[in-house]
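# Secondary and tertiary structure notes
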Amino acid sequence: MAKRYAALLRGINVGGGRKVPMAELRALLESLGHEDVRTHLQSGQAAFTADHGDEESLAAGMSGALARHFGFDVDVIVRDHTYLEGIVEACPFQAADLQPKQLHVTYFSAPVTDERFAEIDREAYLPERFRLGDRALYLYVPDGLGRSKLAEFLSRPRINKGVVATSRNWNTVVKLVEMTEA
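Note on numbering: residues in each chain are counted from 1, in written sequence order. Whole-chain, interface and lining totals are the exception, using all residues; otherwise, since this is a predicted model, local features are given only for residues with pLDDT of at least 70 and side-chain atom pairs are given and counted only at 80 or more. Only heavy atoms go into the side-chain values, all of them from the structure, while hydrogens and water stay out.

### Here we look at the overall build of the chain
- Assigned secondary structure in the chain consists of 5 helices and 8 strands.
- Numbering of helices and strands starts at the N terminus; helices are DSSP runs of H or I of at least 4 residues and strands are runs of E of at least 2. Listing every helix and strand of the chain by position from the N terminus yields β-α-β-β-α-β-α-β-β-β-α-β-α.
- C-alpha atoms define the radius of gyration in this analysis, and the globule rule sets the expected value at 2.2 Å times the number of residues to the power 0.38. Here the C-alpha atoms of the chain give a radius of gyration of 16 Å, agreeing with the 16 Å that 2.2 N^0.38 yields for 182 residues.
- On the principal axes, the C-alpha backbone points of the chain span a range of 50 × 35 × 30 Å.
- The proportion of buried residues among the 182 residues of the chain is 46%.
- Using a 1.4 Å probe, accessible areas were evaluated by the Shrake-Rupley method; residue-level cover was limited to the displayed protein chains. When the accessible surface of the chain is split by element, carbon and sulfur atoms take 49% of a total near 9,300 Å².
- Considering the chain, the positive charge centre built from 22 side chains and the negative charge centre built from 25 side chains are found 6 Å apart. Burial here depends on accessible area, computed with a 1.4 Å probe over protein chains only, as a share of the maximum for the residue type. Under 20% is buried, over 50% is exposed, and the range in between is partly exposed. Only four residue types enter the tally: Lys and Arg on the positive side, Asp and Glu on the negative side, with His and both chain ends excluded. Here the site of a charge means atom NZ of a Lys, CZ of an Arg, CG of an Asp or CD of a Glu.

This is the structure in structure tokens:
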């Protein structure tokens, strides 16, 4: 049975390197047999329909195809519509009361637990805060991501060791739900 998914590509089209034009990404995903492929912005997200595979195998197939086509590795996380909708519904912050730049979701390739973040003195970063969700981290940064000391700490390799992590602002989080609706 066909399902709608979103592919989240990590670290492309930033800082002038690792260019992945969206038209080429759409064509590449279609060459893998996916249908109704749509991209959003230039920052690495696409929605598509697939009638085979699971999230992990779809992500691995895309990652391999991207490496062959572009000549560099790209980490990919694939999530289905139900998961993405659940992320929006489970948001622990009052998203409707915030500017989209103040709220971000980091998607992880695997579940993460509080132990991973035990070394963080959460009080030291207030009013910035984070909460864990299902393979996700919700991050509230009142002054935006670019000024956030907490976001900088959370992006350190030792914090994300063993998982792929990629973040999206709240506008994109909501847009992914819309793009994956049947």
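Don't stop here, the text continues.
### Structural notes on unusual backbone geometry
- Cis geometry is found at the peptide bond from Leu126 to Pro127, where omega equals 15°.
- Note on placement: Pro127 falls in the loop between β5 (103-108) and β6 (129-133).
- Despite not being glycine, Asp36 has its phi angle at roughly 50°, a positive value.
- For Asp36, the location among the structural elements is in strand β2 (residues 35-40).
- Non-glycine residue Arg135 carries a positive phi angle of around 55°.

### Quick notes on helix α3 (residues 81-89)
- Those residues of α3 lying buried are His81, Tyr83, Leu84 and Ile87. When α3 is viewed along its axis, its buried side chains cluster within an angular range of 165° and face the same direction. With respect to the buried face of α3, the exposed residues turned more than 90 degrees away are Thr82 and Glu89.
- Of the surrounding secondary structure, the elements contacted by the buried residues of α3 are β1 (3-9), β4 (76-80), β5, β7 (136-140) and α5 (170-179).
- Where α3 starts, the residue carrying a side-chain oxygen 3.2 Å from the main-chain nitrogen of Thr82 turns out to be Asp80. The directions from the helix axis to the C-beta atoms form the arc being described. Here a residue-residue contact requires only that any non-hydrogen atoms of the pair lie within 4.5 Å. Two N or O atoms count as a polar contact when they lie within 3.5 Å, although within protein this holds only if one can serve as hydrogen donor and the other as acceptor, and sequence-adjacent residues are included solely when both atoms are side-chain atoms.

### Some words on the sheet that holds β5
- Taken together, the 4 strands give an open sheet; going across it, the order is β6-β7-β5-β8, and neighbouring strands pair in antiparallel fashion. Looking along the sheet, the strands with just one partner apiece sit at the ends: β6 and β8 (165-169). Ignoring which end each strand starts from, the neighbouring axes of this sheet average 20° apart.
- Only when DSSP finds a minimum of two bridges between them are two strands counted as paired. As paired elements, β5 and β7 share 5 bridges and run antiparallel to each other. From the neighbouring strand, Val105 faces β7, where its bridge partner is Tyr138.
- The strands that α5 touches are β5, β7 and β8; relative to β8, the one it contacts most, it runs at about 95°. Between N-to-C directions, angles span 0 to 180 degrees; the directions come from axes that are lines fitted to C-alpha atoms, helices contributing only their stretch in contact.

### Comments concerning the nonpolar core
- In this description, a nonpolar core means a group of buried Ala, Val, Leu, Ile, Met, Phe, Trp, Tyr and Cys residues linked to one another through side-chain atoms lying within 4.5 Å. With 22 residues, the main nonpolar core has Leu9, Leu25, Phe48, Leu66, Val76 and Val78 as its most contacted residues.
- Those elements that place two or more of their residues in this core are β1, α1 (22-31), β3 (45-50), α2 (55-70) and β4.
- Per-element tally for this core: the top contributor is α2, with 6 residues.
- Apart from the residues lying within four places of it in its own chain, the contact partners of Leu66 are Leu9, Val20, Leu25, Leu28, Gly71, Phe72, Val74 and Val76.
- Membership of the second largest hydrophobic core comes to 20 residues, among which are Ala6, Ile87, Trp170 and Val173.

### Description of the packing of aromatic side chains
- Whether two aromatic rings pair depends on their centres lying within 6.5 Å, for rings of Phe, Tyr and Trp, where Trp uses its six-membered ring; planes under 30 degrees apart make the pair stacked, over 60 edge-to-face, and the rest tilted. In this structure the tally under the stated criterion is 6 aromatic pairs.
- Aromatic pair Phe70 and Phe72: ring centres 6.0 Å apart, planes at 35°, arrangement tilted.
- A centroid spacing of 6.2 Å and a plane angle of 45° characterise the contact between Tyr125 and Phe153, whose relative ring orientation is tilted. Here the residue Tyr125 occupies a position in the loop between β5 and β6, and Phe153 occupies one in helix α4 (residues 149-154), the gap between them amounting to 28 residues.
- Taking the relative accessible area as the measure of exposure, Tyr125 reaches 21% and is therefore partly exposed.
- As a reminder, the over-ring test applies to NZ of lysine and CZ of arginine, requiring each to be within 6 Å of the ring centre and within 35 degrees of the ring normal. Positioned above the aromatic ring of Tyr83 is the side chain of Arg79, whose terminal nitrogen or guanidinium carbon lies 5.4 Å from the ring centre.

Remember, this is a structural readout, not a statement about activity or role.
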